[in-house]
Amino acid sequence: MTRGVRLTVRALSLAAALGLWQFLTAADVNLWLRFEQFPTVTEVAEAFGRRVRGGTYWQDLADSVTRIVTGFLLAALAGVAVGTALARSRVAEDVVGPLLEVLRPIPAIALVPVAILLFPSNEQGIVFITFTAAFFPVAVSTRHAVRALAPVWEEAVRTMGGGRGRVLWSVVLPGALPGILGGLSVGIGVSWICVISAEMISGEYGVGYRTWQDYTVVDYPGVFVGMVTIGVLGWLTSTAVEVAGRRVTRWLPGGAGAADRPAPARPARVPASPAREPAPPARVPAPPARAPAPRTLTTEEHA
């Protein structure tokens, strides 16, 4: 399937979903699911047009993107460093490992009261929530990826005189890149979930804050505008992480960019030369006939 055909299929999929939404809401379908109070696609599009023409929408958009980028970049750096240390150092595993395992199951959104008490401003608290949401997936994925590396690579570098720094930058981090990128892809999605929730609870600006305000004043088209905006932003950021991952792992055999590389041309098959008939075996000359042994004459024959 070519790239153009795939893009067409994706566009048709979105168009079919929007068409189904329009039909269910315009017809006020009220079976087990109730669509009679849902805004139609056209109503949401009109509300979106009004929001885009105002400055508040773009301010909310910029605030949410700034919080996501700041928290995610900090989480990526800290997660890779901590995950690598946990996989390479027994001291770090004994000191930091138990703390990581205790804090990891706690949802990042549950730390909103802690952020409110800990940080002097809501902005810093929301960035902290975003950082926490992305940190644990990145750290855990990095730890598993580093531990899964084949020891023979490190041994080869050490045999050629490489030190710990050389092993880290030439073997550990490049070899663990696919696993690290998997953690980053998961982390960016979880970050969006938590930053929107944090904005709804304690934010002053942002897409999540504006969506919650629309809900409190029963502006359902505005609520759906916020939901669509969140979905598009999440899709764009996740795509950016995946594209960057394919770029940096293109050189790895079977890496993230291997699927985008054209398959190598198969060499032309050279017809095999016809088999020669085996030469007949050389005839071995028969051994010479042995001369008969002389016969001893009897007494009668002597007579």
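A quick note: this is a predicted structure, and the numbers were derived from the prediction, not measured.

Caption draft 1: Seen up close, the overall build of the protein. On a plain count of helices and strands, the protein comes out with twelve helices and zero strands. Relative to its 303 residues, the protein shows a buried fraction of 31%. The long-range share in the protein, meaning contacts at least 24 apart out of those at least 6 apart in sequence, stands at 66%. Carbon together with sulfur atoms contributes 65% to the accessible area of the protein, which is approximately 20,400 Å² in total.

Caption draft 2: Spotlight on a nonpolar patch on the surface. On the surface, Leu99, Val102, Leu103 and Ile106 cluster together into a nonpolar patch covering about 350 Å² of accessible area. If you trace the backbone, Val102 turns up in helix H5 (residues 97–103).

Caption draft 3: Geometry of the confidence of the model for the protein. Model confidence for the protein is summarised by a mean pLDDT of 82, while 83% of its residues fall at 70 or above. Element-level pLDDT for the protein is lowest in helix H12 (residues 299–302), with a mean of 49, against a maximum mean of 92 in helix H3 (residues 55–88). Note on residues 256–260: pLDDT is under 50 here. Beyond four places in sequence and across chains, it has seven contacts.

Caption draft 4: The packing of helix H9 (residues 164–202) against helix H11 (residues 220–248), seen in detail. For the pair H9 and H11, the least separation of the axes is 10 Å and the interaxial angle reads 165 degrees. Considering their axes alone, H9 and H11 lie roughly antiparallel with respect to each other. As H9 packs across H11, the resulting crossing turns out to be right-handed. Facing Leu177, Leu181, Leu184, Ser185, Ile188, Trp192 and Ile196 of H9, the residues of H11 in contact are Ile230, Leu233, Gly234, Thr237, Ser238, Val241, Glu242, Gly245 and Val248. Split by residue class, the contact of H9 with H11 holds ten nonpolar, five polar and one charged.

Caption draft 5: The arrangement of the nonpolar core in detail. Counting residues in each nonpolar core, the largest one holds 46 residues, and the members touching the most others are Ile129, Leu184 and Trp192. For this core, the secondary structure elements donating two or more residues are helix H2 (41–52), H3, helix H6 (112–118), helix H7 (122–147), H9 and H11. Ranked by residues supplied to this core, first place goes to H9 with 13 residues. Contact partners of Leu184, with chain neighbours within four places excluded, come to Phe72, Ala76, Val138 and Val241.

Caption draft 6: Just the pattern of salt bridges, in detail. If you walk through the whole model with that rule in mind, you get eight salt bridges. In this structure, Asp60 and Arg210 form a salt bridge, with 2.7 Å as the shortest nitrogen-oxygen distance. In this pair, Asp60 sits in helix H3 while Arg210 sits in helix H10 (residues 207–216), placing the two residues 150 residues apart along the sequence. A residue is classified by how much of its surface remains accessible, and Arg210, at 23% relative accessible area, is partly exposed. Notably, a salt bridge pairs Glu199 with Arg67, separated by 2.7 Å at the nearest N-O pair.

Caption draft 7: Inspection of the side chain of Thr211 at higher detail. By secondary structure assignment, the location of Thr211 is in helix H10. Not counting the four nearest positions on each side in its chain, Thr211 is found in contact with Met200, Val223, Gly226 and Ile230.

Caption draft 8: Geometry of the environment of Val52. Along the chain, Val52 turns up in helix H2. Apart from residues no more than four positions distant in its own chain, Val52 is found in contact with Tyr57 and Trp58.

Caption draft 9: Structural view of the environment of Gln59. Mapped onto the fold, Gln59 is located in helix H3. For Gln59, a relative accessible area of 37% puts it in the partly exposed group. In the structure, Gln59 is positioned 147 residues away from Gly206 in sequence and 7.4 Å away in space, judged by C-alpha atoms.

Caption draft 10: Highlighting the packing of aromatic side chains. Using the criterion set out here, one finds nine aromatic pairs in the structure. Their ring planes at 45 degrees and their centres at 5.2 Å tell us that Phe119 and Phe128 sit as a pair that is tilted. A residue is classified by how much of its surface remains accessible, and Phe119, at 24% relative accessible area, is partly exposed.

Caption draft 11: Focus on the packing of H9 against H10. Two elements in contact, H9 and H10, have axes separated by 7 Å at closest approach and are oriented at 55 degrees. Here H10 runs oblique to H9, going by the angle between their axes. Note that H9 runs across H10; the crossing there is right-handed. Touching Ile196, Glu199 and Met200 of H9 are Val207, Gly208, Tyr209, Thr211 and Trp212, all from H10.

Caption draft 12: Fine view of unusual backbone geometry. If you check the backbone angles, Asp28 has positive phi at about 50 degrees while not being a glycine. With respect to the helices and strands, the residue Asp28 is situated in the loop between helix H1 (3–26) and H2. Phi at Val218 is positive, roughly 60 degrees, even though this residue is not glycine. Tracing the chain through its elements places Val218 in the loop between H10 and H11.

Criteria and cut-off values
Residues numbered from 1 in each chain as written. Predicted model: local features only at pLDDT ≥ 70, side-chain atom pairs only at ≥ 80, totals over all residues. Heavy atoms only, no water. Helix = DSSP H or I, 4+ residues; strand = E, 2+ residues; numbered from the N terminus. Buried < 20%, exposed > 50% of the residue type's maximum accessible area, 1.4 Å probe, protein only. Contact = heavy atoms within 4.5 Å. Areas by Shrake-Rupley, 256 points an atom, 1.4 Å probe, with all protein chains shown as cover. Patch = residues over 30% accessible without salt bridge, like charges linked within 9 Å, V, L, I, M, F, W, Y side chains within 5 Å. Salt bridge = Lys/Arg side-chain N within 4 Å of Asp/Glu carboxyl O. pLDDT = per-residue confidence, 0-100. Axes fitted to C-alpha atoms, helices over the stretch in contact; angles between N-to-C directions. Parallel < 35°, antiparallel > 145°, perpendicular 65-115°, else oblique. Left-handed = near helix turned anticlockwise from the far one by under 90°. Nonpolar A, V, L, I, M, F, W, Y, C, P; charged D, E, K, R; others polar. Core = buried A, V, L, I, M, F, W, Y, C linked by side-chain atoms within 4.5 Å. Phe/Tyr/Trp six-rings, centres within 6.5 Å; stacked < 30°, edge-to-face > 60°.

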